[in-house]
Amino acid sequence: MQIKVPYGKSDAFHVDIADNQLTGVFNPNHVDKVDADTAIDQALANPFETDSFEKFMDTNERVVFIVNDGTRPTPTAQVLRHIYPKIKDKNIYFIVATGVHREPTEEEYNFIFGADIYQDLKAKGRIHSHDCHHDAMTYLGKSSNGTKMLLNKIVADAAKVVPISSIEPHYFAGYTGGRKSFLPGVAAYETISENHYLALKNSARALKLKGNPVHEDMMDAMQVLKGIDIFAIEMVLDSQHDIYAVTTGDLSQSFYAGIDKAKEVYGVRIPHKADIVISVAPYPMDVDLYQAQKALDNGKLALKRDGILILVAKCRTGIGPKPFYDLLSSEKDAQAVLDKIHHSWKLGYHKAAKMAQIDTWAQTWAVTDLTDQQMRNVHFKPFHELTAAYQAAVAEKGDQASVIVLPAGSMTVPEVQA
């Protein structure tokens, strides 16, 4: 059977997999389509524990909107097209929640806001990209775990804040969305580092919230926001990145309501684990290896011990944060990387740790636009074409090897059927 595997924004590979080997091609679950405009309207008019969005915006005070950066599939532009005519003359300001990421490119800004709205906001000087290192921060308090909440002054000084985000599985926070707009979204580097250190624990994993130390620390840290009036807009997307559900209002309640919908989409049942797993980081989550790693972490859940996990990710802008690359490339094998992490900690090491952990029990290969040397340096067997990688994997594992394909591996969390 010929399988189409997406690569980048518009390209694709086509790989032939024998029927007797193909366990399945698993995407996020099919769900019924909804009318997005109706879903947005209903959610804005019926929020959790607060007035409607229209009443929330009936103010002369500045309202700060927090939006995701270009590494998330969040359809922010679609929501803004819906609400912007009603708010454009208000005292509004937008901050891009980059966390520790770089500022968006012009292409990414257009993706985030939509070209027309972006140009209008840009001309009016109403957009700022969060810089966790250099922006002015305000100290708001500590979580019970000791994480110091230092937030961008633009957000901390706001009387009203509207975080717009999407809810999908996250490999160590359980899910994106909700609290992540603030931490890591607009937090200081120190704050993000303290929170993300908890990701090294095994209980920090996709779909898990109860007992997940990263999530619980984030939720506890949100208590410092009590002085800010928040109207959250959360979206759950289907496998085509179309809006499936919208929840709004109270930050926590809208988040947990969205989780119920996200589970319907992303938790995918598989009959058994496979010898070879092809896991894809689709656009825009293929921006760099640092972001594409989510597809690797989800793919491992479908892989047998001693199997081959093939990551497919364009990595359009390269590797990602320097500490992440420096750690992985500093040692010749994965166990040495893990040993080094036990002796020191820098933000970015959590992703390196998750990648290195896989290499202790399986092989990781990659199809990317990175150079062969870059891929080898971070412990991947390098390829630039999927058919070549797949044929090499079959040659090693045998023509009876079972195969699973995850075309949206960043958002598909496999679970073996009981």
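Going by the structure above, here's the rest.
Here is a short report on the structure shown in this document. (Residues numbered from 1 in each chain as written. Predicted model: local features only at pLDDT ≥ 70, side-chain atom pairs only at ≥ 80, totals over all residues. Heavy atoms only, no water.)

## Concerning the overall build of the protein chain
Selection criterion: Every helix listed is a DSSP run of H or I at least four residues long, and every strand listed is a run of E at least two residues long, numbered separately from the N terminus. Computation of the radius of gyration draws on C-alpha atoms, with the globule rule given as 2.2 Å multiplied by the number of residues to the power 0.38. Burial classification: accessible surface area is computed with a 1.4 Å probe over protein chains only, and a residue below 20% of its type maximum counts as buried, one above 50% as exposed, and the rest as partly exposed. For this analysis, residues touch if any pair of their heavy atoms sits within 4.5 Å. In short, Shrake-Rupley with a 1.4 Å probe defines the accessible areas, and a residue's cover is counted only from the protein chains shown. His is not counted, nor are the chain ends; Lys and Arg add positive charge and Asp and Glu add negative charge. In this description, the location of a charge corresponds to atom NZ of lysine, CZ of arginine, CG of aspartate or CD of glutamate.
Secondary structure summary: the protein chain contains 15 helices and 21 strands in total. Relative to the compact-globule value of 22 Å for 418 residues, the protein chain shows a C-alpha radius of gyration of 21 Å, a close match. Counting only C-alpha atoms, the protein chain reaches 65 × 50 × 40 Å along its principal axes. When each of the 418 residues of the protein chain is scored for burial, the buried share is 60%. A fraction of 75% describes how many contacts in the protein chain between residues 6 or more apart in sequence connect residues 24 or more apart. If you sum the accessible surface of the protein chain, you get close to 16,500 Å²; carbon and sulfur atoms cover 46% of it. Here the protein chain contributes 44 positive and 52 negative side-chain charges, whose respective centroids are spaced 3 Å apart.

## Some remarks on the side chain of S193
With respect to the helices and strands, the residue S193 is situated in helix α7 (residues 189–196). For S193, a relative accessible area of 14% translates into the label buried. Among residues more than four places away in sequence, those in contact with S193 are W345 and L347.

## Digging into unusual backbone geometry
Across the junction of L183 and P184, the peptide omega takes the value 15°, indicating a cis bond. Position of P184 among the secondary structure elements: in the loop between β11 (174–175) and α7. Cis geometry marks the peptide bond from Y283 to P284, where omega comes out at 5°. Position of P284 relative to the elements: it lies in the loop between β16 (274–280) and α10 (289–299). Residues other than glycine seldom take positive phi values, yet H379 does so here, at roughly 75°.

## Some details on the packing of helix α1 (residues 36–45) against helix α3 (residues 76–87)
We apply this condition: Note on geometry: axes are lines fitted to C-alpha atoms, helical ones only across the stretch in contact, with angles between N-to-C directions running from 0 to 180 degrees. By convention, the crossing between two helices is left-handed when the near helix turns anticlockwise from the far helix through less than a right angle, and right-handed when the turn is clockwise. Residues are grouped as follows: Ala, Val, Leu, Ile, Met, Phe, Trp, Tyr, Cys and Pro are nonpolar; Asp, Glu, Lys and Arg are charged; all remaining types, including Gly, are polar.
It is the contact of α1 with α3, at a shortest axis distance of 11 Å, that shows an interaxial angle of 65°. As for the relative orientation of α1 and α3, their crossing is right-handed in sense. Contacts between α1 and α3 involve A36, D37, I40, D41 and L44 from the former and Q78, V79, H82 and I83 from the latter. A per-class count over the contact of α1 with α3 returns five nonpolar, two polar and two charged.

## Concerning the packing of aromatic side chains
Working definition: an aromatic ring pair is given by the centre-to-centre distance plus the angle between the planes. Rule in force here: Between 30 and 60 degrees the pair is tilted, below 30 it is stacked and above 60 it is edge-to-face, where a pair is any two Phe, Tyr or Trp rings, Trp via its six-membered ring, whose centres lie within 6.5 Å. Over a ring means this: the NZ of a Lys or the CZ of an Arg is within 6 Å of the ring centre and within 35 degrees of the ring normal.
Per the counting criterion, the structure on display carries 15 aromatic pairs. Residues Y7 and F13 carry aromatic rings whose centres are separated by 4.7 Å and whose planes lie at 50° to one another, so their mutual orientation is tilted. For the residue pair Y7 and F13, the accessibility class agrees, reading buried in each case. Taking the centre distance of 4.8 Å and the plane angle of 20° together, the rings of F65 and F94 count as stacked. Highlighted residues: F65 in strand β4 (residues 63–68) and F94 in strand β5 (residues 92–97), separated in sequence by 29 residues. The exposure classification of F65 matches that of F94, with both residues buried. If you follow R62 out to its NZ or CZ, it ends over the ring of Y93, 4.5 Å from the centre. In this arrangement the basic side chain of K381 is found over the ring face of W365, its NZ or CZ atom lying 4.4 Å from the centre.

## Here's the deal with helix α8 (residues 213–221)
Condition: Under the rule applied, a polar contact is a pair of N or O atoms within 3.5 Å (in protein, one hydrogen donor and one hydrogen acceptor; residues adjacent in sequence only if both atoms are side-chain atoms).
Within α8, seven of the nine residues are buried, which leaves the element mostly enclosed by the surrounding structure. Among the residues of α8, P213, V214, H215, D217, M218, M219 and A221 are the ones counted as buried. On the buried face of α8, the contacting elements are β8 (148–152), α7 and α9 (251–266). Where α8 begins, the side chain of N212 points an oxygen toward the backbone nitrogen of V214, at a separation of 3.0 Å.

## Thoughts on the nonpolar core
Spelled out, the test is: Among the buried residues, those of types Ala, Val, Leu, Ile, Met, Phe, Trp, Tyr and Cys that are joined through side-chain atoms within 4.5 Å form a nonpolar core.
Core analysis: the largest hydrophobic core is formed by 49 residues, its most contacted members being F53, F65, F94, F113, V162 and I164. In contact with V162, not counting residues within four places along its chain, are F53, F56, V63, V64, F65, I66, F231 and I233.

## Points about the sheet that holds strand β18 (residues 363–367)
Stated precisely, the cut-off is as follows: Strand pairing is assigned whenever DSSP identifies at least 2 bridges connecting the two strands.
With parallel pairing, the six strands of this open sheet are ordered in space as β3-β20-β16-β17-β18-β19. The open sheet has two edge strands, β3 (22–25) and β19 (381–383), and neither has a second partner. Averaged over all pairs of adjacent strands, the angle between their axes in this sheet comes to 15°, without regard to strand direction. Sheet analysis places β16 next to strand β20 (residues 403–406), joined by four bridges and oriented parallel. Paired with I276 across the strands is V403, a residue of β20. Against the sheet, helix α15 (residues 386–397) touches β16, β17 (303–312), β18, β19 and β20, its axis set at about 165° to β17.

## Notes on the pairing of β20
Across the two faces of β20 the burial is the same, with V403 and V405 and I404 and L406 all buried. As defined by bridge partners, β3 adjoins β20 across three bridges and the pair is classed as parallel. In the sheet register, G24 faces β20, and the bridge partner there is I404.

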